[in-house]
Every structure is written in C-alpha cells, then in structure tokens.
Amino acid sequence: MPTQATKETPTSNLALDLVRVTEAAALSSARWLGRGDKEQGDQAAVDAMRLSFASLNINGTIIIGEGEKDEAPMLYNGERVGTGNGHALDIAVDPVEGTNLLAFGRPNAISVVGAAPAGAMFNPGPSFYMQKLVVPAAAQNVVDLDAPVDDTLKKVAKSLGKDVDDLVVFVLDKPRHQKLIQTIRQVGARIQLHTDGDVSGALMAVDPRSEVDVMIGTGGTPEGVLAACAIKGMGGQIFARLDPQSYVEKEALVNAGIDIRSTLTVNDLVKTDEVFFAATGISGGTFLPGVKYTGLGAVTSSIIIRAKTGTIRYVESHLNWDKLMKISAVDYD
C-alpha cells in the first residue's frame, strides 16, 4: 500500500527521472513521424508516458494534461500519476507538443513534462488561449505586454546590444497574427513562422543557443504554464494574459470568476523555484534533435532543468532495445 505523500519539496533533481518519461514518449511517438495520423502518434506518446510515470515514486496530480476525464481517458486533468509514495506534486504534460508537426513530418515536435510542489502551478481552468510575450533575461525589465510591438522590439534589441533588423521573432503562423506579422515586418525585424510549437518557441526565446530573440503572439494557455516551468530555470520572462478566442471560452472564464485582464508573469504561472522540467525531441529541428533510430536501437536528445539551482543539462541518450546503454550529459550551472 502506498505510504502517505508528503508535501515537502524534493531534495534531489527530479528532472533526471522526468526525462525517462519524455524519452519514452518520444521513442514511441516518433514511429508515427510523417504518417499523417496525429491521433495515433499522440496515443503512442500518452501510453508510453503513463507507463513511465507509474515507476516514479511521486504522488502526482495532472494539472496540465489532455483535457477533462470524459474528453481524454489518458493523462487527463486531475489524474493521479506515480506510485503514490513521496512528494505531492503538480504535473504538467504534453506527450506530443505539435501533433500536426509529428503527423506531417515537420520539425520541432517535442515531448514535455514539468513538475512542482502541489498547489504551485497556475490552473488554467476553462482557458484555452493566452497572449504571450517571452524575452531573455537581458530584456525582462524593459518590456510591457501592453506596449506597441514596434516599441517592444526596439527595447529588446537595445537590451541585447543589437539592431532591430538583427532580431529574430518567433510567431505562430495563424490567421489571428496577420496584423502582428505585418507590424513586425514594418519594424524591420526578422520572423520565424511556425505552424505549431508554442512551448518550443518560448524556450527558444530564452535559450542562449537559439537564434530566436523573442516570442510574441497568442497560443495555448496550458503551453504557457509548461513553458514557465522551463523559464524558471533558464532565466528570462514570460508576460501573459488570458485571451479567449470565442464567446464560449470567454463566458466560461467569467463564470469561473477568472480575471482575464491581469498580466501574468513566470512567478504567477509557477509560484516556486522548486520546479523541474524535461523535454525530448521527437521530429528534430532548431530546438532539439529528433529521435534517430539505429540498427541496434535509438538516440534521443533532451533538455532537463532544475529551477532552484539553475542547472540545465543537454542529454544525449543512446539506447538499445533491451537496456539503456549510455547517458552523457553536459551541465551548464
């Protein structure tokens, strides 16, 4: 029988365990790369992730998951994961962030997990969409979510010691962003347009290895919370505001008593530094290499983060089909 969970914070780097979960999901879903069936690819990741969670000595509750129980029977919001032993944790998951990217063989599909002590994560409730501005640490004190886009980009450029036309802005290629894209082009900044990949875009904006300098636009609310788990450890800032895209969504938020006017920051989305994050590349791309199958097994590439210590590990795992052969990691403390 599981022992009673404790709400004490973990003393070890839980992300080292979480990466086993994202690796399993990536390995299973990557078999569906480019095969045009996003449901099967997502289901493969969910099944592998759920099985891997069962081996972890945590008492986790899914706060950011696949929807309500009647909509998604696997990894649904409110589902308990882990053995039931150990720490009580909020868990955020996206088994395949970018199911369309996976289905059509496009870059930057990843598997993602975040964890924090119970009660620490922002619960989006009925919110599906969120306006976001993600910037690196050097620009976090000079920007404002309500400022004109041209002013924001000029301030980001100055803080980074660049000209505006040096900047690269990550924007989701959606009809709602037509005016935004036009404004960015008029200012003279460069743009990376992505069909999907909200979490990847946010992480690129704060990752010094990436050519992306800033992410702007409206994307998923759950993805905003997941991104905040990583930003806590990587540095930088996310400014966000709930941005309902339909009357039904807006009414649901109003009825739930949720303020849609407030600006949220990384500390509102995750209210502790005891945050752990892991992501593994599925389809490859500019953020993380994808799963590479070899004659003997596979190679995966992941990032794992512990916010409290600011430790970031980029991990390449070499696996055969029976055993984990080798894990090599480089720490950037």
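All of these numbers come straight from a predicted model, not from anything done at the bench.

1. Digging into empty space enclosed by the protein
Tallied over the entire structure, the rule returns one cavity of 30 Å³ or more. Roughly 40 Å³ of internal volume is contained in the largest cavity. If you go around the largest cavity, the residues you meet are Phe170, Val171, Leu172, His177, Asp198, Met215, Ile216, Gly217, Thr218 and Gly219. At the level of elements, strand 6 (168-172) and strand 8 (214-220) are the ones that each hand at least two residues to the lining of the largest cavity. Here the lining of the largest cavity takes five residues from strand 8, the largest share from any one element. Partitioned by chemical class, the residues of the lining of the largest cavity number five nonpolar, four polar and one charged.

2. Points about the pattern of salt bridges
Within the structure shown, the criterion is met by eleven salt bridges. Among the ionic pairs, Glu79 bridges to Arg50, the shortest N-O distance being 2.5 Å. Separated by 29 residues along the polypeptide, Glu79 in the loop between strand 1 (59-64) and strand 2 (80-81) and Arg50 in helix 2 (residues 38-53) bring together distant segments of the chain. Looking at Glu79, the relative accessible area reads 3%, which means it is buried. Several salt bridges share partner residues, and in doing so they unite Glu274, Arg306 and Lys308 into one network.

3. A short note on the packing of aromatic side chains
Counting across every chain of the model gives zero aromatic pairs. Across from the ring centre of Tyr293, 3.8 Å away, lies the NZ or CZ of Arg31, which sits over that ring. If you follow Arg35 out to its NZ or CZ, it ends over the ring of Trp32, 4.1 Å from the centre.

4. Observations regarding the environment of Gly220
You can see Gly220 is positioned in strand 8. Along the chain, Gly220 and Ser127 lie 93 residues apart, while their C-alpha atoms are 8.5 Å from each other. Not counting the four nearest positions on each side in its chain, Gly220 is found in contact with Phe128, Met130, Lys132 and Asp198.

Each value, and the rule that gives it
Residues numbered from 1 in each chain as written. Predicted model: local features only at pLDDT ≥ 70, side-chain atom pairs only at ≥ 80, totals over all residues. Heavy atoms only, no water. 1 Å grid on protein atoms, 1.4 Å probe; cavity = no way out; pocket = protein on both sides within 12 Å on 5 of 7 lines; lining within 4 Å. Points joined across faces, edges and corners; volume = space filled by probe spheres on them. Helix = DSSP H or I, 4+ residues; strand = E, 2+ residues; numbered from the N terminus. Nonpolar A, V, L, I, M, F, W, Y, C, P; charged D, E, K, R; others polar. Salt bridge = Lys/Arg side-chain N within 4 Å of Asp/Glu carboxyl O. Buried < 20%, exposed > 50% of the residue type's maximum accessible area, 1.4 Å probe, protein only. Phe/Tyr/Trp six-rings, centres within 6.5 Å; stacked < 30°, edge-to-face > 60°. Lys NZ or Arg CZ within 6 Å of the ring centre and 35° of its normal. Contact = heavy atoms within 4.5 Å.

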